[in-house]
Amino acid sequence: MNQPVAIASKPPIVLGVESSCDETGVALVTLDPLTGAPRLLGQALHTQVTMHAAYGGVVPELASRDHIRRVVPLLRQSLDDAGMSLEAVDAIAYTAGPGLAGALLVGSAFAEALAFALDKPVLPVHHLEGHLLSPLLADVPPAFPFVALLVSGGHTQLMRVTQVGEYELLGETLDDAAGEAFDKTAKLLGLGYPGGPALSKLAESADPALVAEIKLPRPMLHSGDLEFSFAGLKTAVLTRVKAAEAAGVLTDVLRAALAAAVEQAIAEVLVMKSVQALKQTGLNRLVVAGGVGANRHLRESLITACRRRQYTVNFPDLSLCTDNGAMIALAGLLRLLAGADTKMAGGFAVKPRWPLIDA
Ligand code: KG4
Ligand code: ZN
């Protein structure tokens, strides 16, 4: 099934489709012919956040149905945004995993069918590789090699990235992901889904003196390795919230202070382990990716910590932190340019569970 793709002298245009969870994203990416830097030509995104909010989390069946409804209009919108027609597309990339099986199947069936109709090659992409490479979608992309801190709703990983497709797992969470810790503690504080942005917003109004009085654990901060654990943090917050409720003192002021304390605890662990990963690998560049990478406190803490030690740190544009089609198009494009096996359309299989090092 695998066939080599003839790459024309003009940089290829790759269409990317993301549908692994609760965002439907379609985007077109190419390389700038002058600078060689990746360039976003057009994109369209629909988030299902308001639809799932009523249930306090993602409802997989509703997610799949909504992806079906959205994907064709989003394709049209992204083409309009780029000012081009489907014929200009050279290859189609889609998220093949990990993620919700039904949601993945929508994007995969759509991309494979489109590729079949257009007689173009397809590139099944690993969702985390999309996140990992998203910071490269910049005017001045970070150079390889680097340490990547991948912090999404389902994953917290430190990776050594030597080049496209060469990833070494340095450490990961043993239980909850950082995003999950944000979401679960946000729920305990009575905040809606998704919890990360809501908790971060609440934390902004916290009284620093009160925050300093709240002692939350920094799980595995001094474990000496690059593993993480965030489940204990959630339990500690649960205990505090229950005690405050029982004493009738769970005021908005205390909730804000708890939110800030949680944010600080998560950020401190992520910063410390990222610095440790840089030391351990001898690399001097950190690249941050994934939804939690949008957190302002984390960004500021990483910038300060890296500046102090003369490391550089790169973040994707805020709009590229959470799920989107551009990062999938980019991962497909870079894989294509690196000579990855592409296949002609004609069958699809998604991988709801899929370690990145196997991609
Ligand atoms: O990467 P992503 O969009 O989806 C996955 O692949 O999981 O990450 C979603 C996660 C959620 O847990 C969400 O609460 C968190 O990213 N998140 C944030 C912020 N924005 C999104 N967490 C903290 N602060 C934010 N500003
Ligand atoms: Zn994601």
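Residues numbered from 1 in each chain as written. Chains lettered and ligands numbered in written order. Predicted model: local features only at pLDDT ≥ 70, side-chain atom pairs only at ≥ 80, totals over all residues. Heavy atoms only, no water.

(A) Spotlight on helix 12 (residues 325-337). Helix length check: helix 12 (13 residues) gives 18 Å between terminal C-alpha atoms against 18 Å at 1.5 Å per residue, within 8%. Among the residues making up helix 12, those that are buried are Gly 325, Ala 326, Met 327, Ile 328, Ala 329, Leu 330, Ala 331, Gly 332, Leu 333, Leu 334, Arg 335 and Leu 336. Of the residues flanking the start of helix 12, the one acting as N-cap is Asn 324, its side-chain oxygen 3.0 Å from the backbone nitrogen of Ala 326. (Helix = DSSP H or I, 4+ residues; strand = E, 2+ residues; numbered from the N terminus. Expected span 1.5 Å × (residues − 1). Buried < 20%, exposed > 50% of the residue type's maximum accessible area, 1.4 Å probe, protein only. Polar contact = N/O pair within 3.5 Å; in protein donor to acceptor, adjacent residues only side chain to side chain.)

(B) How the structure looks around the coordination of the zinc ion (ligand 2). Within the protein, His 127 (NE2), His 131 (NE2) and Asp 323 (OD) serve as the donor atoms for the zinc ion (ligand 2), at 2.0 to 2.1 Å. For the zinc ion (ligand 2), the four donor atoms are set out with angles of 95 to 131 degrees between them, so the coordination reads as tetrahedral. Of note, the zinc ion (ligand 2) draws all its donor residues from one chain, in the sequence arrangement H-x3-H-x191-D. One end of the pair, His 127, is in helix 4 (residues 127-133); the other, Asp 323, is in the loop between helix 11 (318-321) and helix 12, with 196 residues separating them in the sequence. The pair His 127 / Asp 323 is uniform in exposure class, with both members buried. (Donors = N, O, S within 2.8 Å, 3.2 Å for Na, K, Ca; no water. Tetrahedral: all angles 85-135°; square planar, octahedral: opposite > 155°, others 65-115°.)

(C) Main features of the pattern of salt bridges. Scanning all chains against the criterion turns up 13 salt bridges. When the shortest N-O distance is used, the salt bridge between Lys 234 and Asp 176 registers 3.3 Å. With Lys 234 in helix 8 (residues 231-246) and Asp 176 in the loop between strand 9 (166-172) and helix 5 (178-188), this pair connects stretches of sequence that are 58 residues apart. If you follow the salt bridges from partner to partner, you end up with Asp 176, Glu 180, Lys 184 and Lys 234 in one network. (Salt bridge = Lys/Arg side-chain N within 4 Å of Asp/Glu carboxyl O.)

(D) Here's a closer look at the pairing of strand 5 (residues 91-97). Where burial is concerned, most of strand 5 is hidden: seven out of the seven residues are buried. Pairing of strand 2 (residues 14-18) with strand 5, which is carried by four bridges, proceeds in the parallel orientation. The partner of Leu 15 across the bridge, within strand 5, is Ile 92. Chirality of the crossover, the property in question, places the unit of strand 5, helix 3 (residues 101-118) and strand 6 (residues 121-126) among those that are right-handed. (Pairing = 2+ DSSP bridges. Right-handed = clockwise from strand over helix to strand, strands pointing away.)

(E) Molecular detail of the sheet that holds strand 10 (residues 285-289). What the five strands build is an open sheet, ordered 9-8-7-10-11; its pairing is mixed. At either end of the open sheet lies a strand with only one pairing partner, and these are strand 9 and strand 11 (312-314). If you compare each strand with its neighbour and ignore which way they point, the axes differ by 25 degrees on average. Across six bridges, strand 7 (residues 146-151) lies against strand 8 (residues 156-163) in antiparallel orientation. Residue pairing in the sheet places Val 151 in a bridge with Thr 156 of strand 8. In the packing of helix 9 (residues 252-281) onto the sheet, contacts are made with strand 7, strand 8, strand 9 and strand 10, and the angle to strand 7 comes to roughly 155 degrees. (Axes fitted to C-alpha atoms, helices over the stretch in contact; angles between N-to-C directions. Contact = heavy atoms within 4.5 Å.)

(F) Geometry of the environment of Ser 64. Relative to the elements of secondary structure, Ser 64 occurs in helix 2 (residues 60-82). By relative accessible area, which is 9% here, Ser 64 ends up buried. When the C-alpha atoms of Ser 64 and Asp 22 are compared, they prove to be 8.6 Å apart, with 42 residues separating the residues in sequence. Residues within four places of Ser 64 in sequence aside, it is in contact with Gly 102, Ala 103 and Val 106.

(G) Quick peek at the side chain of Thr 24. Within the element layout of this structure, Thr 24 appears in strand 3 (residues 23-31). Under the relative-accessibility criterion, Thr 24 is labelled buried at 1%. In terms of polar contacts, Thr 24 uses its side chain to reach the side chain of His 67, at 2.9 Å. Aside from chain neighbours lying at most four places away, what touches Thr 24 is Glu 18, Ala 44, Leu 45, His 46, Gln 48, His 67, Arg 70, Val 71 and Leu 74.

(H) Broad picture of the packing of aromatic side chains. Enumeration over the complete set of coordinates arrives at two aromatic pairs. An angle of 15 degrees between the planes, with centres 5.3 Å apart, marks the rings of Phe 144 and Phe 146 as stacked. We note Lys 351 situated over the ring of Trp 354; from NZ or CZ to the ring centre the distance is 4.4 Å. (Phe/Tyr/Trp six-rings, centres within 6.5 Å; stacked < 30°, edge-to-face > 60°. Lys NZ or Arg CZ within 6 Å of the ring centre and 35° of its normal.)

(I) Quick peek at the site of ligand 1. Near ligand 1 there are 18 residues, and of these His 131, Gly 153, Asp 183, Gly 291 and Asn 295 occur at the shortest range. At 3.0 Å from an oxygen atom of ligand 1 is found a main-chain nitrogen or oxygen belonging to Gly 196. Within the side chain of Asn 295, one N or O atom sits 3.0 Å away from a nitrogen atom of ligand 1. Contact with the protein chains hides 86% of the accessible area of ligand 1, taken as 550 Å² for the molecule alone. For the shell around ligand 1, the secondary structure elements donating two or more residues are helix 4, helix 5 and helix 6 (195-203). Here the element with the most residues in the shell around ligand 1 is helix 5; it accounts for three residues. (Near = heavy atom within 4 Å. Areas by Shrake-Rupley, 256 points an atom, 1.4 Å probe, with all protein chains shown as cover.)

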